[in-house]
Amino acid sequence: MSDVPPGGGQPYEETSYDDVSYGQPPSNARRGLRALILSLVLAVVVAGGAVAFYKADPFHLFRAGPQAAVAVPDNALFYVGADFNPAAKQKIDAVRFLDHFPGFARSVGSLNANSDLRRVIFQKAIAGQACPGLSYDHDIKPWIGDKFGVAGMPPAHTGGSPVAVVALQIISESAAKDGIHALQHCSSGGSAFGFAFVGNYVLLAETQAEATRYAAAADRTSLADNPAYSADMRSLGDLGVLSGWVDVNALVHAVGGTDAQTLGNAQLLTGKPVRVAATFRFEGGSAQLAASVYGGTEISHDPNQVVDLPDSTAFAISDAGGAQRVAASWQNILKQMRTSDSAIDENIQQFETQTGLQLPQDLETVFGKNLMLAVDGSGFTSGLLSGTSESPPSIGLRLTNDPAKLDQVYDKVLRLVQSQLGGVPLVKRDFPDGIAVASTSAYADELGKLDGNLGKTPDFLSVLPDAADDELVVYFDFNAVQDAIVQALQQSGVGQDVIDNIKPLRALGLSESVTGNYTSLSLQVSVD
């Protein structure tokens with residue numbers, strides 16, 4: 001696929017908007033728009049976040065019409081967008097999810113699926129401003145649409161900060177002019193930020209010149225027309241109530257300096273351009289944060305063995321194909337580390353001397369075909385959480401690789417494992433396809449056999465439906481240890497309101513997989 005270079009859009013042209021009287025911006029124009037943008041964003045993310053759940057639409061949110069990205073120039077460095085009026089069915093799905101939590105009703109009061117989220121957002125936003133007489137019903141509602149976006153444009157010079165631009169969907173341009181004029185004076189001394197219209201959107205910028213320039217640029221070629229942006233957003237699948245995108249390469253090029261070095265680490269690790277897209281959505285009885293990173297390297301691996309753990313498993317981390325991943329990325333990892341630590345080679349040599357391990361060879365052996373840490377829920381008590389139980393938890397490692405190779409590094413790895421587990425006595429078992437190291441003989445045998453059905457249990461499937469295909473899987477079954485956690489919280493004096501909001505939790509799953517050039521990440525939480 002093609003990559004859009006930083007600053008790859010067409011040069012901006014000055015365009016006049018003779019039908020709008022802007023006046024001269026006062027000296028605090030930049031401060032005024034920044035305060036308004038900050039208030040809007042905070043209101044969306046914090047104050048409006050809970051209500052936004054009601055508006056979630058995992059299947060048709062942005063399919064009913066274009067996103068606010070159609071009003072943003074194609075060379076934007078990053079973008080965050082939201083829609084405040086999705087389909088009714090999806091509002092109901094979100095309500096069903098959130099109704100599990102008593103604290104939600106207390107936080108949103110009388111708001112429901114039919115509430116106008118735009119009112120909530122703008123009232124929260126202007127609450128921190130000096131806005132006497134400003135009314136949502138009179139000054140905002142007559143013109144505001146449902147789509148909202150914030151973008152960061154390239155700074156005027158390398159090393160500067162990205163220029164913030166806000167895109168708001170409108171339903172009436174004439175009403176929008178009146179309402180925005182009222183907003184321009186919504187801070188001490190007035191804040192005549194600039195605004196200009198593009199399609200059925202209005203762009204707000206720190207100065208009138210910027211607003212005019214960006215509107216003209218977006219009218220020629222918008223971010224929605226950017227092939228890299230479009231491909232990245234498609235890689236997410238169905239979009240949710242909030243979505244975002246950042247072109248790391250372009251951002252590195254634009255900001256320069258120390259920030260560029262920090263951001264550039266991602267590209268060094270992959271050896272490719274890096275872009276990130278993300279969305280928040282609902283999937284049945286769960287909430288999901290999904291991300292897609294362009295710049296991944298696909299590897300082949302056997303099915304992830306986490307699905308074969310006992311169905312009583314409470315917690316697991318499992319990595320499939322780790323040896324190939326280490327081999328493919330080791331040189332890039334070294335290159336990245338050398339940019340921030342000139343003594344990294346010396347430190348690695350010292351580590352090898354102290355542990356007897358050889359990098360990356362022994363690291364590849366340890367990761368092998370599958371490396372897994374698991375904790376069983378049976379016998380899990382509140383005493384384990386409080387440190388008063390004398391019974392060891394059922395915890396262990398399962399390393400899948402050539403047993404002969406693993407035995408060569410076993411003693412070295414064992415010392416490292418014991419240092420992390422605080423000297424817990426461990427039992428080792430050899431199997432035809434690897435070794436298991438656990439806190440008890442019974443659990444070592446269990447891990448060695450790997451004949452469980454965790455991957456078929458409803459709790460597991462509620463957050464990890466495709467775990468066998470994923471490279472990395474992290475799983476926590478709250479139901480398996482809920483009684484112990486609640487009892488421990490009660491013993492520690494945690495209030496009942498907190499416990500009531502924890503009890504509905506069912507499971508949590510984190511997964512990573514790579515397909516082609518895209519690394520897909522998913523963090524999903526389900527409720528009973």
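Our structure's up above, just so we're on the same page.
Reading the values: the criteria
Residues numbered from 1 in each chain as written. Predicted model: local features only at pLDDT ≥ 70, side-chain atom pairs only at ≥ 80, totals over all residues. Heavy atoms only, no water. Phe/Tyr/Trp six-rings, centres within 6.5 Å; stacked < 30°, edge-to-face > 60°. Helix = DSSP H or I, 4+ residues; strand = E, 2+ residues; numbered from the N terminus. Buried < 20%, exposed > 50% of the residue type's maximum accessible area, 1.4 Å probe, protein only. Lys NZ or Arg CZ within 6 Å of the ring centre and 35° of its normal. Axes fitted to C-alpha atoms, helices over the stretch in contact; angles between N-to-C directions. Parallel < 35°, antiparallel > 145°, perpendicular 65-115°, else oblique. Contact = heavy atoms within 4.5 Å. Nonpolar A, V, L, I, M, F, W, Y, C, P; charged D, E, K, R; others polar. Patch = residues over 30% accessible without salt bridge, like charges linked within 9 Å, V, L, I, M, F, W, Y side chains within 5 Å. Areas by Shrake-Rupley, 256 points an atom, 1.4 Å probe, with all protein chains shown as cover. Salt bridge = Lys/Arg side-chain N within 4 Å of Asp/Glu carboxyl O. Core = buried A, V, L, I, M, F, W, Y, C linked by side-chain atoms within 4.5 Å. Polar contact = N/O pair within 3.5 Å; in protein donor to acceptor, adjacent residues only side chain to side chain. Arc of directions from axis to C-beta.

Draft legend 1. Structural view of the packing of aromatic side chains. Enumeration according to the criterion identifies six aromatic pairs in this entry. Between the aromatic rings of tyrosine 79 and tyrosine 229, the centroid separation amounts to 6.1 Å while the plane-to-plane angle is 90°, which identifies the pairing as edge-to-face. Remark: tyrosine 229 occurs in helix 9 (residues 227-234) and tyrosine 79 occurs in strand 1 (residues 78-83); sequence separation between them is 150 residues. Considered together, tyrosine 79 and tyrosine 229 belong to a single accessibility category, that of buried residues. Aromatic ring contacts, followed pair by pair, group Tyr79, Tyr229 and Trp245 into a single cluster. Across from the ring centre of tyrosine 214, 5.3 Å away, lies the NZ or CZ of arginine 213, which sits over that ring. One cation-aromatic arrangement involves lysine 428 over tyrosine 410; the distance from NZ or CZ to the ring centre is 4.9 Å.

Draft legend 2. Representation of the packing of helix 12 (residues 322-340) against helix 13 (residues 344-355) in the model. Relative orientation of the contacting elements helix 12 and helix 13 amounts to 120°, with a least axis distance of 9 Å. Judged by the angle between their axes, helix 12 and helix 13 are oblique. Facing helix 12, whose interface residues are Trp330, Leu334, Met337 and Arg338, helix 13 presents Ile344, Asp345 and Ile348. For the contact of helix 12 with helix 13, the per-class residue count stands at five nonpolar, no polar and two charged.

Draft legend 3. Region of interest: a nonpolar patch on the surface. Side chains of Leu289, Leu508, Leu510 and Leu523 sit close together on the surface and give an oily, nonpolar patch of about 280 Å² of accessible area. Inspection of the secondary structure assignment puts leucine 510 in strand 15 (residues 505-515). Residue leucine 510 is classed as partly exposed on the basis of its relative accessible area of 32%.

Draft legend 4. Expanded view of the nonpolar core. Judged by nonpolar contacts, the single largest core of 27 residues is most densely connected at Val72, Tyr79, Leu203 and Leu223. Of all the elements in the fold, those that place two or more residues in this core are strand 2 (144-153), strand 3 (163-170), strand 4 (194-198), strand 5 (201-205), helix 8 (208-220) and helix 9. Broken down by element, this core gets its largest block of residues, four residues, from helix 8.

Draft legend 5. Molecular detail of the side chain of glutamine 67. Among the structural elements, glutamine 67 can be located in the loop between helix 2 (49-54) and strand 1. A distance of 3.4 Å separates the side chain of glutamine 67 from the side chain of tyrosine 229, its partner in a polar contact.

Draft legend 6. Quick look at helix 17 (residues 441-449). For helix 17, every residue scored as buried is listed here: Tyr443, Ala444, Leu447 and Gly448. End-on view of helix 17: buried residues confined to an arc of 140°, all on one side of the axis. Exposed residues pointing more than 90 degrees away from the buried face of helix 17 are listed as Ala442 and Lys449. Those residues of helix 17 that are buried lie in contact with strand 10 (370-376), strand 11 (395-400), strand 12 (427-431) and strand 13 (434-438). Positive backbone phi, approximately 45°, marks leucine 450, located one or two places after helix 17.

Draft legend 7. Focus on unusual backbone geometry. Note the cis peptide between leucine 359 and proline 360, where omega equals 5°. You can see proline 360 is positioned in the loop between helix 13 and helix 14 (361-367). You will see that leucine 450, though not glycine, has its phi angle at about 45°, which is positive. For leucine 450, the position within the fold is in the loop between helix 17 and helix 18 (458-461). Taking the relative accessible area as the measure of exposure, leucine 450 reaches 13% and is therefore buried.

Draft legend 8. Fine view of the environment of glycine 295. Looking at the element boundaries, glycine 295 is found in the loop between strand 8 (286-294) and strand 9 (313-320). Here glycine 295 falls in the buried class, since its relative accessible area comes to 1%. When the C-alpha atoms of glycine 295 and threonine 519 are compared, they prove to be 7.4 Å apart, with 224 residues separating the residues in sequence.

Draft legend 9. Local environment of the pattern of salt bridges. Under the criterion given, the structure shown has nine salt bridges. Here aspartate 433 and arginine 398 are joined by a salt bridge, their closest N and O atoms 3.2 Å apart. With aspartate 433 in the loop between strand 12 and strand 13 and arginine 398 in strand 11, this residue pair connects regions lying 35 residues apart in the sequence. Lysine 428 is paired through a salt bridge with aspartate 407; the nearest N and O atoms lie 3.1 Å apart. Here lysine 428, found in strand 12, pairs with aspartate 407, found in helix 16 (residues 403-421); they are 21 residues apart in sequence, far enough to count as distant.

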